[in-house]
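Structure assessment
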Amino acid sequence: GAGVSQTPSNKVTEKGKYVELRCDPISGHTALYWYRQSLGQGPEFLIYFQGTGAADDSGLPNDRFFAVRPEGSVSTLKIQRTERGDSAVYLCASSLRLGGRATTGELFFGEGSRLTVL
Amino acid sequence: GQQVMQIPQYQHVQEGEDFTTYCNSSTTLSNIQWYKQRPGGHPVFLIQLVKSGEVKKQKRLTFQFGEAKKNSSLHITATQTTDVGTYFCAGSGIYNNAGNMLTFGGGTRLMVKP
């Protein structure tokens, strides 16, 4: 597709349930990012993939959160035993630029997946 | 860890007035990006600054990167109602793993009264 696609757009779940959020990046973009945005706040970094591998997962809040990108394209963010505090908009972004210390490529964000944990 | 702070958090202006948002990092940055997020939307890239003291302009928007590469500003001249939204700065640190992790500020929400 033309842009970053995220599904579902909305997810309501109960506390303790398992959730998967999917991100389909722009074709050809090797870098993929997951951010979490709570109401009135800036996006909070979770994890960054370069190809299939997680180059930086330092933002994952705890071991209930896990993300994969098995073929270097689509990524899935998995949340186990959801808690009410996990409620937020989960943003995925992709970038054409490879990792490097000089510059960071422009991030193209998807519309986000709004997660509500009751 | 790296922290990026923005002020003010909110700004109400009358249409036609100028607007400035400031961004400060706790660590030296390799580059800084600015994004705009409309209400209900997702962040959209505006610009990237890389060089110390760099100034870039996009029509009524002027972006500046500080000499020490720890602060940045966005100035909008003669605001219009279409400028409404939240403006985020996002910095990439020199010593980040893989060099590409962007840390976002809290954003400045701009409201323009017609």
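We now turn to the structure provided with this report. The structure presented is a predicted model; accordingly, all values stated were derived computationally and were not measured. (Residues numbered from 1 in each chain as written. Chains lettered and ligands numbered in written order. Predicted model: local features only at pLDDT ≥ 70, side-chain atom pairs only at ≥ 80, totals over all residues. Heavy atoms only, no water.)

Here's the deal with the environment of Asp63(A)
Residues and elements named next belong to chain A. With respect to the helices, strands and loops of the structure, Asp63 is situated in the loop between β6 (53-56) and β7 (65-68). For Asp63, a relative accessible area of 65% translates into the label exposed. Here the alpha-carbon distance between Asp63 and Phe49, two residues 14 residues apart in the chain, equals 17 Å. (Helix = DSSP H or I, 4+ residues; strand = E, 2+ residues; numbered from the N terminus. Buried < 20%, exposed > 50% of the residue type's maximum accessible area, 1.4 Å probe, protein only.)

Brief notes about the side chain of His42(B)
Considering the arrangement of structural elements, one finds His42(B) in the loop between β4 (29-37) and β5 (44-49). For His42(B), a relative accessible area of 19% gives the class buried. At a separation of 3.2 Å, a polar atom in the side chain of His42(B) contacts the side chain of Glu111(A). If we ignore the near neighbours within four places in the chain, the residues touching His42(B) are Leu91(A), Phe109(A), Gly110(A), Glu111(A), Lys36(B) and Gln37(B). (Polar contact = N/O pair within 3.5 Å; in protein donor to acceptor, adjacent residues only side chain to side chain. Contact = heavy atoms within 4.5 Å.)

Quick notes on the nonpolar core
Residues Trp34(A), Leu46(A), Ile47(A), Leu77(A) and Tyr90(A) are the most contacted members of the largest nonpolar core, which totals 20 residues. Counting residues per element, the ones that place at least two in this core are β3 (19-24), β4 (31-37), β5 (44-50), β7, β8 (75-79), β9 (88-95) and β11 (113-117) of chain A. One finds Trp34(B), Leu61(B), Ile76(B) and Leu110(B) within the second-largest nonpolar core, a separate group that totals 19 residues. (Core = buried A, V, L, I, M, F, W, Y, C linked by side-chain atoms within 4.5 Å.)

Points about the state of the cysteines
All chains considered together, the criterion is met by two disulfides over all chains. Cys23(A) shares a disulfide with Cys92(A); S-S distance 1.9 Å. Looking along the S-S bond of the Cys23(A)-Cys92(A) disulfide, the torsion reads about -70°, which is the left-handed sense. Of this pair, Cys23(A) sits in strand β3 while Cys92(A) sits in strand β9; the two residues are 69 residues apart in sequence, bridging distant segments of the chain. Cys92(A) sits in the buried class, given a relative accessible area of 0%. Two residues, Cys23(B) and Cys89(B), share a disulfide whose sulfurs are 2.0 Å apart. In this structure, the disulfide formed by Cys23(B) and Cys89(B) twists by about 80° around the S-S bond and is classed as right-handed. (Disulfide = S-S within 2.5 Å.)

Some points on the pattern of salt bridges
Residue and element names in this part refer to chain A. The tally for this structure, following the rule as stated, stands at five salt bridges over all chains. A salt bridge links Arg36 to Glu44; the nearest nitrogen and oxygen atoms lie 3.4 Å apart. Residue Glu44 is classed as partly exposed on the basis of its relative accessible area of 36%. In this structure, Asp86 engages Arg64 in a salt bridge whose closest nitrogen and oxygen atoms are separated by 2.8 Å. Of the two residues, Asp86 sits in the loop between β8 and β9 while Arg64 sits in the loop between β6 and β7, which places them 22 residues apart along the sequence. Take Asp86 and Arg64: they sit in the same class, and that class is buried. (Salt bridge = Lys/Arg side-chain N within 4 Å of Asp/Glu carboxyl O.)

Such coordinate-based values are descriptive only and should not be taken to indicate function.
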